[in-house]
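# Coordinates in review
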Amino acid sequence: MRELLILTLAALAPMAATAQDVAAAAPELVADAAEEVRGTPDLPFDGAEIEMRDFLWTARPIVVFADTPADPAFQQQMELLRNRPEALAERDVVVITDTDPEARSDVRLSLRPRGFMMVIIGKDGQVEIRKPRPWDVREITRTIDKMPLRQQEIRERGLGGG
């Protein structure tokens, strides 16, 4: 199930899909795209084109803000995320970026960043942590692994539930 969601998100990302579109996607689309997507980092969603509620209970959004895509901290954060996509996929992470303060996206208005900021949001839609500097995937995954819902997922998988 986890892999299906991640592969579907990656396959539909260029079409600015929402999580609702993902749920309605045909299994054939996922199967066809799986070979192309396997081993490559997921494309980030554009914060101006998504609704955060679409990811509720299905994914853990990591939102990366900057005032411009040329921001060195933004570029570093995106590179860090691209280096270990498998660790993020294992935790049902989707990456959302917003580098246009003038667009005043819903996600930007909701989270109110100042310059660069990385935000980890739980599957329940709650902000878990905000960071004013880039974070390594190792630090991100440690934070996610401490979340109660993630602990439950680990226990269920350990008991053969996933």
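A brief look at the structure comes next. (Residues numbered from 1 in each chain as written. Predicted model: local features only at pLDDT ≥ 70, side-chain atom pairs only at ≥ 80, totals over all residues. Heavy atoms only, no water.)

### Description of the side chain of Asp98
Test applied: Helix and strand assignments follow DSSP, with helices taken as H or I runs no shorter than four residues and strands as E runs no shorter than two, numbered in order from the N terminus. Buried means the residue's accessible area, taken with a 1.4 Å probe over protein chains only, is under 20% of the maximum for its type, while exposed means over 50%, and partly exposed covers the values in between. Every residue pair with non-hydrogen atoms within 4.5 Å of one another is taken to be in contact.
Mapped onto the fold, Asp98 is located in strand β3 (residues 93-98). Of the residues examined, Asp98 reaches a relative accessible area of 2% and is grouped as buried. With sequence-adjacent residues up to four places away left out, Asp98 is seen in contact with Val64, Phe65, Ala66, Ser105, Val107 and Arg108.

### A few points about the sheet that holds strand β5 (residues 127-131)
So the rule is basically this: DSSP bridges decide pairing: two strands pair if at least two such bridges lie between them. Orientation is described by axes fitted as lines to C-alpha atoms, over the contacting stretch for helices, and by angles from 0 to 180 degrees between their N-to-C directions.
Spatial ordering of the open sheet is given by β1-β3-β2-β4-β5, a layout of five strands whose pairing is mixed. With partners counted over all chains shown, the strands left at the sheet margins are β1 (45-46) and β5, one partner each. Of the strand pairs in this sheet, β1 and β3 are connected by two bridges, and their pairing is parallel. Bridge pairing in β3 links Asp46 to Thr97. Sheet contacts for helix α4 (residues 72-83): β2 (60-65), β3 and β4 (117-121); angle to β2, the most-contacted strand, approximately 150°.

### Brief notes about the pairing of β5
Side-chain direction in a regular strand flips from residue to residue, so the side chains alternate between the two faces of the sheet. As judged from the four bridges shared by β4 and β5, these two strands associate in the antiparallel manner. The residue of β5 that forms the bridge with Ile120 is Ile129. Here β4 folds back onto β5 in antiparallel fashion, the turn holding five residues, of which Gly125 has a positive phi close to 90°.

### Comments concerning a negative patch on the surface
To keep things clear, this is the line we draw: For patches, a residue must show more than 30% relative accessible area and have no salt bridge; joins then use 9 Å for like charges and 5 Å for nonpolar side chains, namely Val, Leu, Ile, Met, Phe, Trp and Tyr. Using the Shrake-Rupley algorithm and a 1.4 Å probe, accessible areas are obtained, with residue cover drawn only from the displayed protein chains. The term salt bridge refers to a pairing of a side-chain nitrogen on Lys or Arg with a carboxyl oxygen on Asp or Glu at a separation within 4 Å. Residues scored as positive are Lys and Arg, those scored as negative are Asp and Glu, and His as well as the terminal groups of each chain are ignored. To locate a charge, take atom NZ for lysine, CZ for arginine, CG for aspartate or CD for glutamate.
There is a patch of like negative charges on the surface, built from Asp46, Glu49, Asp100 and Glu102. Here Asp100 is to be found in the loop between β3 and α6 (106-111).

### A closer look at the pattern of salt bridges
Counting across every chain of the model gives eleven salt bridges. The shortest N-O distance in the salt bridge between Asp98 and Arg108 comes to 3.1 Å. Of the two residues, Asp98 is situated in strand β3 and Arg108 in helix α6; the sequence distance between them amounts to ten residues. What makes Arg108 buried here is its relative accessible area of 8%.

### Thoughts on helix α7 (residues 137-145)
Every α-helix carries 3.6 residues per turn, so stepping three or four residues along brings you back to the same face. The cut-off we apply is this: As used in this structure description, the phrase polar contact means that two N or O atoms lie within 3.5 Å; if the pair is within protein, one of them must be able to donate a hydrogen and the other to accept it, and residues adjacent in sequence are counted only when both atoms belong to side chains.
Among all positions in α7, only Val137, Ile140, Thr141, Thr143, Ile144 and Asp145 are buried. Between the side-chain oxygen of the N-cap and the backbone nitrogen of Arg138 there are 2.7 Å, and the N-cap of α7 in question is Asp136.

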